[in-house]
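Letter by letter, the chains look like this.
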Protein chains: 6
Amino acid sequence: MLNKNMETFLCCDSDYEEAGVVLFGAPFDSTTSYRPGTRFGSAAIRRESYGLESFSPYQERDLLDCRIFDSGDIELPFGNPTRALSMIEERAATILQDGKLPFLTGGEHLVTLGAFSAVYDRYPDVHILHFDAHADLRQEYLGSELSHACVLRRCWEKTGDGRIHQFGIRSGDRDEFLWGKDHVETHRFTLHTLEETVARLGDVPVYLTVDLDVLDPSVFPGTGTPEPGGVSFDDLRRAVTLVCSRAHVVGCDVNELSPPYDPSGISTAAACKIVREMLLALPQSRG
Amino acid sequence: MLNKNMETFLCCDSDYEEAGVVLFGAPFDSTTSYRPGTRFGSAAIRRESYGLESFSPYQERDLLDCRIFDSGDIELPFGNPTRALSMIEERAATILQDGKLPFLTGGEHLVTLGAFSAVYDRYPDVHILHFDAHADLRQEYLGSELSHACVLRRCWEKTGDGRIHQFGIRSGDRDEFLWGKDHVETHRFTLHTLEETVARLGDVPVYLTVDLDVLDPSVFPGTGTPEPGGVSFDDLRRAVTLVCSRAHVVGCDVNELSPPYDPSGISTAAACKIVREMLLALPQSRG
Amino acid sequence: MLNKNMETFLCCDSDYEEAGVVLFGAPFDSTTSYRPGTRFGSAAIRRESYGLESFSPYQERDLLDCRIFDSGDIELPFGNPTRALSMIEERAATILQDGKLPFLTGGEHLVTLGAFSAVYDRYPDVHILHFDAHADLRQEYLGSELSHACVLRRCWEKTGDGRIHQFGIRSGDRDEFLWGKDHVETHRFTLHTLEETVARLGDVPVYLTVDLDVLDPSVFPGTGTPEPGGVSFDDLRRAVTLVCSRAHVVGCDVNELSPPYDPSGISTAAACKIVREMLLALPQSRG
Amino acid sequence: MLNKNMETFLCCDSDYEEAGVVLFGAPFDSTTSYRPGTRFGSAAIRRESYGLESFSPYQERDLLDCRIFDSGDIELPFGNPTRALSMIEERAATILQDGKLPFLTGGEHLVTLGAFSAVYDRYPDVHILHFDAHADLRQEYLGSELSHACVLRRCWEKTGDGRIHQFGIRSGDRDEFLWGKDHVETHRFTLHTLEETVARLGDVPVYLTVDLDVLDPSVFPGTGTPEPGGVSFDDLRRAVTLVCSRAHVVGCDVNELSPPYDPSGISTAAACKIVREMLLALPQSRG
Amino acid sequence: MLNKNMETFLCCDSDYEEAGVVLFGAPFDSTTSYRPGTRFGSAAIRRESYGLESFSPYQERDLLDCRIFDSGDIELPFGNPTRALSMIEERAATILQDGKLPFLTGGEHLVTLGAFSAVYDRYPDVHILHFDAHADLRQEYLGSELSHACVLRRCWEKTGDGRIHQFGIRSGDRDEFLWGKDHVETHRFTLHTLEETVARLGDVPVYLTVDLDVLDPSVFPGTGTPEPGGVSFDDLRRAVTLVCSRAHVVGCDVNELSPPYDPSGISTAAACKIVREMLLALPQSRG
Amino acid sequence: MLNKNMETFLCCDSDYEEAGVVLFGAPFDSTTSYRPGTRFGSAAIRRESYGLESFSPYQERDLLDCRIFDSGDIELPFGNPTRALSMIEERAATILQDGKLPFLTGGEHLVTLGAFSAVYDRYPDVHILHFDAHADLRQEYLGSELSHACVLRRCWEKTGDGRIHQFGIRSGDRDEFLWGKDHVETHRFTLHTLEETVARLGDVPVYLTVDLDVLDPSVFPGTGTPEPGGVSFDDLRRAVTLVCSRAHVVGCDVNELSPPYDPSGISTAAACKIVREMLLALPQSRG
């Protein structure tokens, strides 16, 4: 008798009960204002992960030794951000309740709000580490408060001042930067100052949100709003490894891969490798 | 002194006051469930119309002789269908109020609901001629009633039974076809029976909505949900000419062009030519 | 607790024991001489089937009422046709042994030889209905006898004369056509003469092999060797429906979709719809 | 000792002295007004001809039996139409002087003027058979008389009235159609009336110019100005076979393939097959 | 009453009279020898500028505070470089005459000659700062003196020795480099030595011409002749900011963006951002 | 009388007898496990070399002064690695026997085994310098010992321990890295330690194999398995120049360019320039 056809991120095929990390995808891009397509991101990461090795020569670790469960993509209603966010929050809450770490792949950056809400409920003292080209701090955008361009502002409404730490920011309107000075910690252009922040945070619970457009468009063309002048792949690889291995990460996400703008596949390959390095570095994924 | 840089559909540069037909674009695709991208459709039609001649050898007429105003695209809020539809309805209402014919280019098919609502307010006895691959008659889709897959059902809630005439339909779920039998007139697969319907309608006001995916994907690959087995370009060209010249058209739209899926540009070229033939056939566009 | 992430062709999620038809994919293209890429065909068909409706307005049937199991793709060794064919044959033999119909999706056309071998073992009187642009009757090609260009010749070595019926053939070298006159039945250019052949075959077991490049490249650009001058989608749709509903089909395959050459996705959409229509027409897929 | 690396159209590798037909390419597109790229057409036709069989099942003839020499592409100066046309004319004149038939592949349609000038010098009573979507009869275009949009007008300046026979024309400005009525014979939209014209021409020398955009864009998307509503591949295949086998062809060309707009390669495949069928039908290519 | 549909570079919508900088586009590429397509560059820069923010976090300035007029693209005759250059020169002369700074977007690099001629007439002591991968110093190219490969040589014929300063040059034939040693100042491979040159120039009027292929192809793939080994985006961003804010710039251009070779849009995004940074740095654009 | 149409890498048109270096292509990719397409690599390098200058400003040398013969591509049987490798070995042996240096362009990396076998027969003390993202040291892959992923392991079976020197390696499975520690010299991630190795090798004969995926995917997207985190173009350019000018190179290859994944052409441009720099640096190519 033949088996059913399973689809997971490379080697993430533990039983749910034994897994310490649970992947889930949020294929949503309805508020994307420039070039839609990130809805295809989570499936592409899962599918193209088979072009990777499970072993990382950077960390000398192997996904074959990890206990990770990939729960697939949530089926989300396009055009209805409120309901989509509830569904994402619910999935993250289930995972947290079962004592596992939720690892979300987007979708547009707005999906972070769903996962972060569940994390915030469980860890009210959580800080956010935010890697991005864009500040995402607007009060509203094109008449909507639930937009990718407002997502960190919505998170701030939960955390209050001083608990959002942004890195790599190189785009935003004047008001975002002005407002940000009083309420969040913005490190422009690079990730160089990350190590000091991670050290300072110590054992505080951390939610890590990686908008992959923090990468330079040469490395990561496949995204909704490419912003020239970004960080290198090795910079981001080192940064996520640092955070996942040294900070007390209690939830995380990787978002804004848009496969339709990635004709050569290099953006998806970069996304897969960042996800692999994060999974290998998170203590929760090891036995 | 230099002039400002104007952008219109080919030759549609009349003064607003003198125009009999007014073009407007609705770059919206937030409820698209399969492959987004129709938000770029209206701008592509405007831009690529310059690959066309203004003269039609089919009708022996020339846009140079027409009085048409292109009012450009409305700036719509992504992720908020309710508000987007209000804005479209408002623009159509203004045009109707000024005694001109509103000609909408999408965008996804949902945008029809905005323009049709304005037309219905003015012409409560209006019928709909609907060319499409899909029935679009669902009560709801993915939990939403404001979805491209429900747009004709929403229109029916205004018109009631027997006033929607569909042609070319070759896809839908079982329930749509079942429901449709009792409430609308569905001509499957082809446009062959159109002439009889147009004759029967006589002077009744007609809203014409053209989902370009009624065309075969070989002719029109650039759309969200390509459905093999469609009609030919000449079939559609003849059909829209017939309706625009013989029926009493009081509003119309052309939608579902998705330029990201049109690498060779043939879909945009087909859309432009259908728009040209409609404009040339509408009595309102002539002096 | 969350469920595992299953991937099947649209609605083909029966339990194996209850299924009458079993889908399996053979992602192999190592002997492709012109443009490789068909290895991605079976996965693309599975993935993009979600752009389809499960209901067919042509047959008035619904996949929701069918009992089909999708067993996924076989992991095949690239560069080793002999071993790949054994693995395909083994999978088909298991399915036949369990009293179910094997339905193979390619991959290049060579994969047919694996599935047909298993079918031939069980039904030694089987005939082949072959839809293709190319005769595929060479004794060898580029020094190899296991090549896509030789696959029907290899099948003939099993069946002997008069049991291969080709339709739509519009390309081959002079020797293939000459040899073919004495050994197989070749209907050039169209599928028009199919009905008579199906009637003549009566209850004889039939293996149906559909090389999708029988379609015109306008309808089906995404293939290794596009041959202008092919049949229309409706011609092929009607032909496969005829064979699957009226002949005694005991095995079948659909092959030669090459997604890298299908930038707009229309070829994959056509392939999915042909597979759907075949599944709906096969009596084995119904309860 | 190794041989030099030759590149020719499929099997067109006769010695020059023995050849009856000589191919040459004119990779020029500097006057293209809409989308450039036809400069890559002649090389693409040569290169991709290896995806074809040398045998035609339509004509039951084989290029292996033909005597054709492919002299490669002329290196033309971009931005200088006058000089480019002289160079093309010179090459054609050499071929004619050696008693062979010149067969030009473009490039944009303007290149016809170079080849036709040489033919006209040798055959002052020559007629032109012209297959095209566009009338190409303007006196000037964007301020230039040497433009692709004027090429048949320039030819007419040599031949005078009544010796240009156009087929398939479906685009032009009003003045071109008006002027054309008095000076050339224009058959709109289709090739249906060709047979009668060929019969009427009898033994008169004929120059055949095929602008491949006469094909429908579904069949031939890869061109500078796609015009929906064109002829089918089989229509064009039959038409060129008819002309080349029954008329007294003394020179010919095939032009306007633009590979950058042909992502799936079907346009190049169509162009190659049209060239093959023409070569097989021309009596000069046989021994 | 509805407004006309204006199209400008992001926020460049001042009245002409009040503007200090005037943008204009030259969509010309007829002398391009390798891969045409830069004719679409100026329109793409205008259109895609809406993916940018008007605020620069590098300069802490905002286009909302600037006075810039975008006069759109000139309609140029393809295939006629002499006439195209006159039209460009004329536009630049008008702008200069009105006391404003002309800012040209190409188009191929040859268009620089038109704008520079007008600038030279007004500022006979002008120097040229030239960022490029290619020396562009040939006396002629493919038989023509008006070619992109000769454009700085033509400029030198006006300025004479020592007034052209090239940076980033990494390609040219042997003769160009030899000739260049005696007549221009060539800084190979990088922009590192720019600061010293700008300091040395002091208040001398400067024309800045930026061939965007000076960027590495990873950052800027969308160009006619990609040359591996170029400068980074940040290097170029800093360089143009330096020149525009510290040198006495009296005219400038940005050229060689070829959208058909930019499938992911990152080249256009880079071009837009370079234009934004230049506009923000130029003192003429502020009140 | 017209000449035959020759096709060579830029300026590599010496007579065979006079040439010191002989280029040949191996268009083979049948064992590629992820994304096929490298079969088109050698032809693309030849064709696109015409976008390059023959002069290198890095080395101040010109291909016009070199004596190189391009013998074109071998016609290889797809699906039969054993036979393909024999044919490659035979071509390389002929070139070596004639006292010339064989320079192979792939194709997938497996082709190296053919050329290296011939070199090893003549120079049994040869060492290998290997630039690659992948270790390629597996005993078998997907059941086959003749796979691109095993090619250096097969070479090691000839050379034994200590004679393979790998640089830039950033991907492999755990066992490859473990095995490699005892048998080969692996320099991870960069080429920085190359100079010391070249110095140490002195006059020992060296075979240089360049898998172009050692480059970062931003620079070289067009390859089968893009691995983020690679070396820059200038790093590789300097490395190959160093090896070709200072080591005793007796054979070399450049492989793994896959044009279908290179939509903007930058990968092919990079490959061409690496080949040019190698040819210019090899003493055998000069008189």
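Below, the structure is looked at part by part. (Residues numbered from 1 in each chain as written. Chains lettered and ligands numbered in written order. Predicted model: local features only at pLDDT ≥ 70, side-chain atom pairs only at ≥ 80, totals over all residues. Heavy atoms only, no water.)

**Quick word on the arrangement of the chains**
Selection rule: Note on contacts: a residue pair is in contact if any heavy atoms of the two residues lie within 4.5 Å.
Looking at chain A next to chain D, you find no contact at all, with the nearest C-alpha pair sitting 12 Å apart. Where chain C comes nearest to chain E, the C-alpha atoms are still 12 Å apart, and the two do not contact one another.

**Regarding the sheet that holds strand 5 (residues 101-106) of chain F**
Residues and elements named next belong to chain F. How we decide: By definition, two strands form a pair when at least two bridges between them are found by DSSP. Strands are runs of DSSP state E lasting at least 2 residues, helices are runs of H or I lasting at least 4, and numbering of each runs from the N terminus. A fitted line through C-alpha atoms serves as each axis, taken over the contacting stretch for helices, and the angle formed by two N-to-C directions is quoted from 0 to 180°.
A sheet is described by the order of its strands in space; here eight strands give the open sequence 4-1-5-10-9-6-7-8, paired in parallel fashion. At either end of the open sheet lies a strand with only one pairing partner, and these are strand 4 (68-73) and strand 8 (185-188). Averaged over all neighbouring strand pairs, the angle between strand axes comes to 15°, with direction disregarded. Of the strand pairs in this sheet, strand 1 (residues 21-26) and strand 4 are connected by four bridges, and their pairing is parallel. Residue pairing for strand 4: Val21 is matched across the bridge by Ile68.

**Topic: the environment of Met6 of chain D**
The residue Met6 of chain D is located in the segment before strand 1 (21-26) in this model. For the pair Met6 of chain D and Gly72 of chain D, spaced 66 residues apart in sequence, the C-alpha to C-alpha distance is 9.9 Å. Ignoring anything within four residues of it in the chain, the contact list for Met6 of chain D reads Lys4, Asn5 and Met6 of chain F.

**Comments concerning the relation of the copies chain A and chain B**
The test is simple: Here the copies were fitted onto each other by least squares, based on C-alpha atoms from residues at pLDDT of at least 70 in both.
Between chain A and chain B, which share one sequence, the superposing operator has a rotation angle of 180° and an axial displacement of 0.0 Å; the RMSD is 0.0 Å. Here the two chains are linked by the operation of a two-fold rotation axis.

**Points about the relation of the copies chain D and chain E**
Overlaying chain D with chain E gives an RMSD of 0.0 Å, the required rotation being 180° about an axis along which the chain moves by 0.0 Å. In this assembly, 100% of the residues forming the interface of chain D have copies in chain E that are likewise at the interface, indicating an isologous arrangement.

**Regarding the pattern of salt bridges**
Quick note on the threshold: The salt bridge definition used is simple: a Lys or Arg side-chain nitrogen within 4 Å of an Asp or Glu carboxyl oxygen. A simple rule labels every residue: compare its accessible area, found with a 1.4 Å probe on the protein chains alone, to the largest value its type can have, and call it buried under 20%, exposed over 50%, or partly exposed in between.
Inspection of every chain in the model, using the stated rule, returns 108 salt bridges over all chains. Of the charged contacts, one joins Arg46 of chain F and Asp70 of chain F as a salt bridge, the two residues approaching to 3.0 Å between their closest N and O atoms. A residue pair is termed long-range when its members are at least 10 positions apart, and Arg46 of chain F in helix 1 (residues 41-48) and Asp70 of chain F in strand 4 qualify at 24 residues. Residue Asp70 of chain F is classed as buried on the basis of its relative accessible area, which comes to 3%. What emerges from the salt-bridge pattern is a single network uniting Glu53 of chain A together with Arg138, Asp173 and Glu176 of chain F.

**Let's talk about helix 1 (residues 41-48) of chain C**
Here helix 1 of chain C has its buried residues at Gly41, Ser42, Ala44, Ile45 and Arg46 of chain C. Against the buried residues of helix 1 of chain C lie strand 1 (21-26), strand 4 (68-73), strand 5 (101-106) and helix 8 (266-281) of chain C.

**Here we look at the interface of chain A and chain B**
How we decide: The quantity reported as buried area is the accessible area (1.4 Å probe) lost by two parts once they are put together, taken as the sum for both. N or O atoms within 3.5 Å of each other form a polar contact, as long as, within protein, one can give a hydrogen and the other can take it, and as long as residues adjacent in sequence are counted only when both atoms are side-chain atoms. Basically, the charged four are Asp, Glu, Lys and Arg, the nonpolar ten are Ala, Val, Leu, Ile, Met, Phe, Trp, Tyr, Cys and Pro, and anything else, Gly included, counts as polar.
Listed by partner, the interface residues are 22 residues for chain A and 22 residues for chain B. Where chain A abuts chain B, roughly 1500 Å² becomes buried across the two surfaces, and 54% of that area is made up of carbon and sulfur atoms. When the buried area of chain A at its contact with chain B is split by residue, Pro36, Phe78 and Leu142 of chain A rank highest and sum to 31% of it. Applying the counting rule to chain A against chain B returns zero salt bridges. Inspection of the region where chain A meets chain B yields five residue pairs in polar contact (both at pLDDT 80 or more). When the residues that make up the side of chain A that touches chain B are grouped by side-chain class, the tally is ten nonpolar, seven polar and five charged.

**So, the interface of chain D and chain E**
At the junction of the two partners, chain D supplies 22 residues and chain E supplies 22 residues. Counting across the interface, chain D meets chain E through zero salt bridges. Along the contact surface separating chain D from chain E lie seven residue pairs in polar contact (both at pLDDT 80 or more).

**Focus: the sheet that holds strand 10 (residues 248-255) of chain B**
Residues and elements named next belong to chain B. The strand order across the open sheet formed by eight strands is 4-1-5-10-9-6-7-8, and the pairing between neighbours is parallel. Whereas interior strands pair on both sides, the edge strands pair on one side only; in this sheet they are strand 4 (68-73) and strand 8 (185-188). Direction aside, neighbouring strands of the sheet carry axes that sit 15° apart on average. With six bridges joining them, strand 1 (residues 21-26) and strand 5 (residues 101-106) adopt parallel strand pairing. If you follow Gly25 over to strand 5, its bridge partner there is Thr105. The strands touched by helix 6 (residues 194-201) are strand 6 (127-131), strand 7 (164-169), strand 8 and strand 9 (205-211); relative to strand 6, the strand with the most contacts, the crossing angle is about 165°.

**A short note on the packing of aromatic side chains**
Threshold: Note on ring pairs: Phe, Tyr and Trp rings are taken, using the six-membered ring of Trp, and paired if centres are within 6.5 Å. Classes follow the plane angle, with under 30 degrees stacked, over 60 edge-to-face and the rest tilted. Throughout this description, the term charge over a ring refers to an Arg CZ or Lys NZ atom that lies within 6 Å of the ring centre and within 35 degrees of the ring normal.
Counted according to the given criterion, the structure contains 48 aromatic pairs over all chains. On the basis of an interplanar angle of 80° and a centroid distance of 4.8 Å, the ring pair of Trp156 of chain A and Trp179 of chain A is categorised as edge-to-face. One end of the pair, Trp156 of chain A, is in helix 4 (residues 151-159); the other, Trp179 of chain A, is in helix 5 (residues 174-183), and 23 residues separate them in sequence. Seen in terms of ring centroids, Phe28 of chain D and Phe78 of chain D are 6.5 Å apart; in terms of plane orientation they differ by 5°. Their pairing is stacked. Placement of the pair is Phe28 of chain D in the loop between strand 1 and helix 1 (41-48) and Phe78 of chain D in the loop between strand 4 (68-73) and helix 2 (81-97), with a sequence separation of 50 residues. Taken individually, Phe28 of chain D and Phe78 of chain D each receive the classification buried, so the pair is uniform in this respect. Aromatic rings pair up to connect Phe116, Tyr120 and Tyr207 of chain A into one cluster. Here the basic side chain of Arg35 of chain B rests over the ring of Tyr261 of chain B, its NZ or CZ set 3.8 Å away from the ring centre. The ring of Tyr58 of chain D carries Arg237 of chain D above its face, with NZ or CZ at 3.6 Å from the centroid.

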